[in-house]
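# Analysis of the macromolecular model
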Amino acid sequence: MNVLLQHVAHCRSGDKGNTSNIVVIAYDEAMYPHLKAQLTAERFKAFYDGTVKGPVERYTIDHLWCMNFVCQGALGGGVSRSLCLDNYGKTLSAGILGFELEIPEGLRGRLRGMRSGEP
Amino acid sequence: MTRPTLRIGGGSAWWGDRVEPAALNAEKGDLDYLCFETMAEATISAAQVRARRDPGFPGYDTYLDDRMRAVLPHCLKRGTKIISNQGWINPEGAAQRIVHWLREFGARRVKVAAVSGGLITDRVLQLTDRILENGQPTATLQSNLVSAEVYLGAEPIVEALQQGAHIVVSGRVADPSIFMAPMMYEFGWNALDHVRLGAGNGLGHLMECGAQVTGGYFADPGFKDVPEPWNFGFPIAEVEPDGSAVLTKVAGTGGAVTLQTVKEQMLYEVHDPANYLTPDVVVDFTTTQLEQIGPDRVRVTKISGKPRTPTLKVSIGCAEGFIGEDMFFYAGPGALRRAQLAKRILEERFKIVKLDAEEVRIDFLGVNAIHGEMSPKDRPEPYEVAVRVAARTRTREEAIKVGREVDGMAVSGVGMTGKRVPHQDRTREIIGVWSSLVPREKITPSLSFYES
């Protein structure tokens, strides 16, 4: 089944200079391998196309079900120079909640925030 | 017998943070230490600019009085020591102001230390070589240089405590070091003991953003629900001599301390989690073990460390021009098409007034003003849209043109435009921040002591 990432993982972004780091953490151990296999640095970069202008590097801490995406060129030249309303990129992490993942049907019961009738 | 632990509480995560939870931590946290972090990357440079223009600006945290009035009576009663970076560009002034408040509260013979020595504006170009962000020589920053400061580590704070300070107020110190200094002092950790310092600085990083680790930056209804999000408690670490700790908060406060809140904070503003550089130690978070041992109690162990680097980070603030910005808005059916015409009009007007800008951005808030180009193009039209205009310019005169042309939209633009009467300056100065490295041995922190 296809689900949005928001049902599988939670996120937070942080800023340093012109780089935003976006942390993606699985809610559940069983979800993490699927997240890790599908949310590669390449697909992450493609998802943020145009907004993240530089390279994206991925770091993982498997036993904590965490991935850290370090995105260069994501903050309009840096917090103080950026013309973006959200110059710290605080909301950037929320974008990835809309990434589509394929999850085995058997894990349906472990999804967060599912309402009846939602795919 | 429970083993001896050191209780360290958070008092602020940034300059604008709330004061009430700090007071609550001081009153009910049974704290040995209360620690305040009040700076962002550009705080020092912004303070320098303000000090030049406003001779009455004392150069320390503008909320110093509010914070000290709120916490000092409780801290004095409990014997809680205070570590704070509220000194900004004038730690000595901040220390003297704290002495004033101590006397107001009837406390005598309380020792306050000021830590300075990190400001190196006058010699940064001699001490540094390359800009980390772009590889250019730091000399290229000479003409626009506003301020340069080194990120000091925990050592000068520890020294102030060893000399009997009850309150230590500093300028720029790396955020986690503020929280680790009490651990080094109380447990006698050596400054080169990278195993314990790794654990301690990792804990400091978990604490430095205040309520971000206690549920304050976490709630997402239906997905991540947080109890009483109007009533957050700031964090408390119960630290053991080996650098293990339990993270918690005052009972009865809202928020939550869970594996999830701790994980989110652990990687906040971290790049390579195996190599988080601080002045004191290189922290490795990849070995961390987290365990929920009770409600709002997470045990943190096995954060590790590697020897510190031979250099310290320098933050260099430069005057880089101005930003002019403003907003106006549309609502109802067709809001977006009117906003789009407004954008076209502004683009033409900026040509007419010969706006000389490095970059201009005209976005539709409600559509693409926050996430920019990645924003989906296939969404239904919003009922309300704001047009948000911003330009980066070399001079303030050019930046002012943005607001002036938005003014023009009031009666010379599009039907049914909503606009505020300008009630504040719509330009601001840009203090660009660059980084470089300075050999550690070139920097000598200095201490001064005051007594109430």
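This report concerns the structure included in the present document. (Residues numbered from 1 in each chain as written. Chains lettered and ligands numbered in written order. Predicted model: local features only at pLDDT ≥ 70, side-chain atom pairs only at ≥ 80, totals over all residues. Heavy atoms only, no water.)

## Considering the overall build of chain A
Within chain A, the regular secondary structure consists of 3 helices and 6 strands. Tracing chain A from N to C terminus, the helices and strands come up as β-β-β-α-α-β-β-α-β. In terms of C-alpha radius of gyration, chain A reaches 15 Å, essentially the compact-globule figure of 14 Å for 119 residues. Counting the 119 residues in chain A, one finds 57% classified as buried. Considering only intrachain contacts with a sequence separation of at least 6, the fraction spanning at least 24 residues in chain A is 64%. Only carbon and sulfur atoms are counted for the fraction: they give 51% of the accessible area of chain A, which is about 4700 Å². Between the averaged position of the 13 positive side-chain charges in chain A and that of its 12 negative side-chain charges there is a distance of 6 Å. (Helix = DSSP H or I, 4+ residues; strand = E, 2+ residues; numbered from the N terminus. Rg over C-alpha atoms; globule rule 2.2 N^0.38 Å. Buried < 20%, exposed > 50% of the residue type's maximum accessible area, 1.4 Å probe, protein only. Contact = heavy atoms within 4.5 Å. Areas by Shrake-Rupley, 256 points an atom, 1.4 Å probe, with all protein chains shown as cover. Lys, Arg positive; Asp, Glu negative; His and termini not counted. Charge placed at Lys NZ, Arg CZ, Asp CG, Glu CD.)

## Some points on the nonpolar core
Grouped together as the largest cluster of nonpolar side chains are 65 residues, with contacts concentrated most on Ile8, Val168 and Leu247 of chain B. No other element matches helix 7 (residues 175–187) of chain B, which puts 6 residues into this core. Taken together, domain 1 (6–117 + 152–309) and domain 2 (316–434) of chain B each give at least three residues to this core, which thus spans both. In this structure isoleucine 8 of chain B touches Leu31, Tyr33, Cys35, Phe179, Pro182, Met183, Met207, Pro235, Ile236, Ala237 and Val239 of chain B, once residues within four positions along its chain are discounted. Counting 33 residues, the second largest nonpolar core, distinct from the first, contains Phe44, Tyr48, Phe69 and Leu107 of chain A. (Core = buried A, V, L, I, M, F, W, Y, C linked by side-chain atoms within 4.5 Å. Domains from an automatic or database assignment.)

## Focus on the sheet that holds strand 4 (residues 56–61) of chain A
Strand order in the open sheet made by the 4 strands is 2-3-5-4 (chain A), with antiparallel pairing throughout. Whereas interior strands pair on both sides, the edge strands pair on one side only; in this sheet they are strand 2 (9–16) and strand 4 of chain A. Sheet twist, expressed as the average angle between the axes of neighbouring strands with direction ignored, equals 20 degrees. Bridging between strand 3 (residues 19–26) of chain A and strand 5 (residues 66–71) of chain A involves 6 bridges; their strand directions are antiparallel. Paired with valine 24 of chain A across the two strands is methionine 67 of chain A, which belongs to strand 5 of chain A. On top of the sheet, helix 9 (residues 259–266) of chain B reaches strand 2, strand 3, strand 4 and strand 5 of chain A; it is set at about 30 degrees to strand 2 of chain A, its chief contact. (Pairing = 2+ DSSP bridges. Axes fitted to C-alpha atoms, helices over the stretch in contact; angles between N-to-C directions.)

## Brief notes about the sheet that holds strand 2 (residues 33–36) of chain B
Hydrogen bonds between backbone groups are what pair the strands of a sheet, and the pairing can be parallel or antiparallel. Residues and elements named next belong to chain B. Ordered in space as 11-12-8-7-1-2-3-6-4-18, the 10 strands form an open sheet in which the pairing is mixed. The strands lining the two open edges of the sheet, one partner per strand, are strand 11 (289–294) and strand 18 (446–451). Averaged over all neighbouring strand pairs, the angle between strand axes comes to 20 degrees, with direction disregarded. Inspection of the sheet shows strand 4 (residues 111–116) paired to strand 6 (residues 167–170) by 4 bridges, in the parallel sense. If you follow alanine 114 over to strand 6, its bridge partner there is valine 169. Strands in contact with helix 6 (residues 155–162) are strand 2, strand 3 (81–84), strand 4, strand 6 and strand 18; relative to strand 18, the strand with the most contacts, it is inclined by about 35 degrees. Helix 9 rests against strand 8 (245–248), strand 11 and strand 12 (297–301) of the sheet, and its axis sits at about 150 degrees to strand 11.

## Quick look at the side chain of serine 12 of chain B
Residues and elements named next belong to chain B. Mapped onto the elements of the fold, serine 12 is located in strand 1 (residues 6–12). Within the structure, the side chain of serine 12 is placed 3.0 Å from the backbone oxygen of glutamate 37, a separation counted as a polar contact. Ignoring any residue separated from it by four or fewer positions in sequence, one finds serine 12 in contact with Asp17, Cys35, Phe36, Glu37, Thr38, Arg67, Glu208 and Phe234. (Polar contact = N/O pair within 3.5 Å; in protein donor to acceptor, adjacent residues only side chain to side chain.)

## Regarding the interface of chain B and chain A
Interfaces are often sized by the amount of accessible area the parts lose when they come together. Taken together, the contact pairs 50 residues of chain B with 45 residues of chain A. Approximately 4100 Å² of surface area, both sides summed, lies buried where chain B meets chain A, with 55% of it carried by carbon and sulfur atoms. When the buried surface of chain B facing chain A is broken down by residue, Phe223, His271 and Met374 of chain B rank first, second and third, together holding 19% of it. Our enumeration of links across chain B and chain A arrives at 3 salt bridges. For glutamate 373 of chain B, the salt bridge is made with lysine 53 of chain A, and the minimal N-O distance between the two is 3.6 Å. For the interface between chain B and chain A, the tally reads 23 residue pairs in polar contact (both at pLDDT 80 or more). For the side of chain B that touches chain A, the elements supplying multiple residues, two or more each, are helix 9, strand 11, strand 14 (311–331), strand 15 (357–365), strand 16 (384–393) and strand 17 (427–439) of chain B. The greatest single-element share of the side of chain B that touches chain A, amounting to 6 residues, is contributed by strand 17 of chain B. (Buried area = accessible area lost by both parts, 1.4 Å probe. Salt bridge = Lys/Arg side-chain N within 4 Å of Asp/Glu carboxyl O.)

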